[in-house]
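Fold and geometry: a report
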Amino acid sequence: MKPPAFDYHRPETVDEATSLLDRLVDDEVKVLAGGQSLVPLMNFRLAVPQHLVDVNGVAELAGHAVTDGVLRLGALTRHHELETSPIVRAAAPLFTAAAPYVGHVQIRSMGTLGGSLAHADPAAELPSVVLALDATLVARSVRGERRIPAADFFITHFTTALEPDELLVAVEVPVARPRGGAAFLEVAARHGDFALAGAAAAVTVDADGVVTDARIACASVAATPVRVPAAEALLRGTAADPSVIAALEAAVAAALDPTPELKTSAAYKRRTAGVLAGRAVRQAWRTAQNDLTTTRNGQAA
Ligand SMILES: Cc1cc2nc3c(=O)[nH]c(=O)nc-3n(C[C@H](O)[C@H](O)[C@H](O)COP(=O)(O)OP(=O)(O)OC[C@H]3O[C@@H](n4cnc5c(N)ncnc54)[C@H](O)[C@@H]3O)c2cc1C
């Protein structure tokens, strides 16, 4: 299927893009990034924008770098970059862990971080990552810049705090501390499909392997990604031993209130998310321990 006719705009700067959004906001305008969600929606006539503002030529939106302890990812950062960048792996390994679960490599080569977050599919992986990492989402419009905490960004299915004339320009996350580990796990019907349930975990441990910081967020269990502070609290001050993990799994399941879907009941999602969170935490903790072992060996040598 082909999309209905639309006017195509290709700005080269953020200012040009936001001016276009301002001018066309009452006229059904949409930002085009990787096109991996928007174009299928247009082909199925589920989205019928009169104007597309293609931001792929806006250099300010591309690239990623660490400055003063903060990793800044341009909105056009492709999923494949998240998966393969050594800078991202060192600064925010949870992105590296989650990105391979987004569709297939062709989709990851085109799809963007900004597009995934602005699209806000409840079954997407990356919204749960930015929530777990306490990311700040940076939006621009002709009115200026707005910095939105990830916790306030996702409103409900396919709906975010972005105004129709706002462009998501970047995502910022504090650089991971030493002795940290991260893991993302999901269950999907087939490889590359959206998650039926998923869990993101990041932990930091002290010199004795005791958890000092824990972040757990679940995907595809509600209208938005869900952070689980009760499970994080259970983990802090422990060495993530099996009894703690069992309690954590139960706490995650208890905290969720999923809507049943065609292929999955609410009970299935709740239980699966709990188990995935427990496994992701163990995996993250083991990685943090490996960091620790390296440090100890280094000191011993
Ligand atoms: C077969 C297939 C399988 C897929 N599987 C998965 C999966 O398993 N998990 C997953 O998470 N995703 C999956 N996707 C979707 C993919 O991740 C998309 O890349 C992503 O959802 C949207 O990113 P995009 O850059 O392609 O955005 P686009 O499709 O270009 O845009 C999506 C929406 O975001 C808006 N938008 C884009 N960029 C900005 C911006 N900077 N500021 C404001 N608004 C913006 C657009 O206007 C549009 O409304 C799949 C897609 C396909 C086709």
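Here goes a summary of the coordinates provided. (Residues numbered from 1 in each chain as written. Predicted model: local features only at pLDDT ≥ 70, side-chain atom pairs only at ≥ 80, totals over all residues. Heavy atoms only, no water.)

**Considering the packing of aromatic side chains**
Throughout the structure, instances matching the rule amount to 2 aromatic pairs. Consider the rings of Tyr 101 and Phe 184, whose centres lie 5.4 Å apart with planes at 50°: the pair is tilted. Residue Tyr 101 is located in the loop between helix H5 (93-98) and helix H6 (105-110), and its partner Phe 184 is located in strand S11 (residues 180-188); the two are separated by 83 residues in the primary sequence. Aromatic pair Phe 153 and Phe 154: ring centres 5.1 Å apart, planes at 85°, arrangement edge-to-face. Comparing Phe 153 with Phe 154, the two get one shared label, buried. (Phe/Tyr/Trp six-rings, centres within 6.5 Å; stacked < 30°, edge-to-face > 60°. Helix = DSSP H or I, 4+ residues; strand = E, 2+ residues; numbered from the N terminus. Buried < 20%, exposed > 50% of the residue type's maximum accessible area, 1.4 Å probe, protein only.)

**Considering the layout of surface pockets**
Estimated volume of the second largest pocket: approximately 300 Å³. Contributing to the lining of the second largest pocket are 19 residues, with Leu 133, Pro 174, Ala 176, Arg 177 and Arg 215 lying nearest its centre. Among the elements of the structure, H5, strand S10 (167-174), S11, strand S12 (195-205) and strand S13 (211-219) are those that each provide at least two residues to the lining of the second largest pocket. Along the lines of polarity and charge, the residues of the lining of the second largest pocket split into 12 nonpolar, 3 polar and 4 charged. Taken together, domain 2 (61-174) and domain 3 (180-296) each give at least three residues to the lining of the second largest pocket, which thus spans both. (1 Å grid on protein atoms, 1.4 Å probe; cavity = no way out; pocket = protein on both sides within 12 Å on 5 of 7 lines; lining within 4 Å. Points joined across faces, edges and corners; volume = space filled by probe spheres on them. Nonpolar A, V, L, I, M, F, W, Y, C, P; charged D, E, K, R; others polar. Domains from an automatic or database assignment.)

**Looking at helix H11 (residues 242-255)**
Each α-helix winds once per 3.6 residues, and so residues spaced three or four apart point in a common direction. For H11, built from 14 residues, the straight-helix expectation of 20 Å at 1.5 Å per residue is met to within 8% by its first-to-last C-alpha distance of 20 Å. Restricting attention to buried positions, one finds in H11 the residues Val 244, Ile 245, Leu 248, Glu 249, Ala 251, Val 252 and Ala 253. (Expected span 1.5 Å × (residues − 1).)

**Looking at a negative patch on the surface**
Taken together, the side chains of Asp 7, Asp 26, Asp 27 and Glu 28 define an acidic patch exposed on the protein surface. Summarising the element assignment, Asp 26 is placed in the loop between helix H1 (14-24) and strand S2 (29-32). Note on Asp 26: relative accessible area 77%, which makes it exposed. (Patch = residues over 30% accessible without salt bridge, like charges linked within 9 Å, V, L, I, M, F, W, Y side chains within 5 Å. Areas by Shrake-Rupley, 256 points an atom, 1.4 Å probe, with all protein chains shown as cover. Salt bridge = Lys/Arg side-chain N within 4 Å of Asp/Glu carboxyl O. Lys, Arg positive; Asp, Glu negative; His and termini not counted. Charge placed at Lys NZ, Arg CZ, Asp CG, Glu CD.)

**A word on the site of the ligand**
The immediate surroundings of the ligand are formed by 30 residues, with Val 31, Ser 37, Leu 38, Thr 112 and Glu 125 found nearest. At a separation of 2.8 Å, an oxygen atom of the ligand approaches a polar backbone atom of Ala 33. Note that an oxygen atom of the ligand is positioned 3.1 Å from one of the side-chain N or O atoms of His 79. Protein coverage of the free-state accessible area of the ligand, which is 960 Å², stands at 88%. Elements represented by at least two residues in the shell around the ligand include exactly S2, helix H7 (113-119) and S10. A per-element tally of the shell around the ligand places H7 first, with 4 residues. (Near = heavy atom within 4 Å. Polar contact = N/O pair within 3.5 Å; in protein donor to acceptor, adjacent residues only side chain to side chain.)

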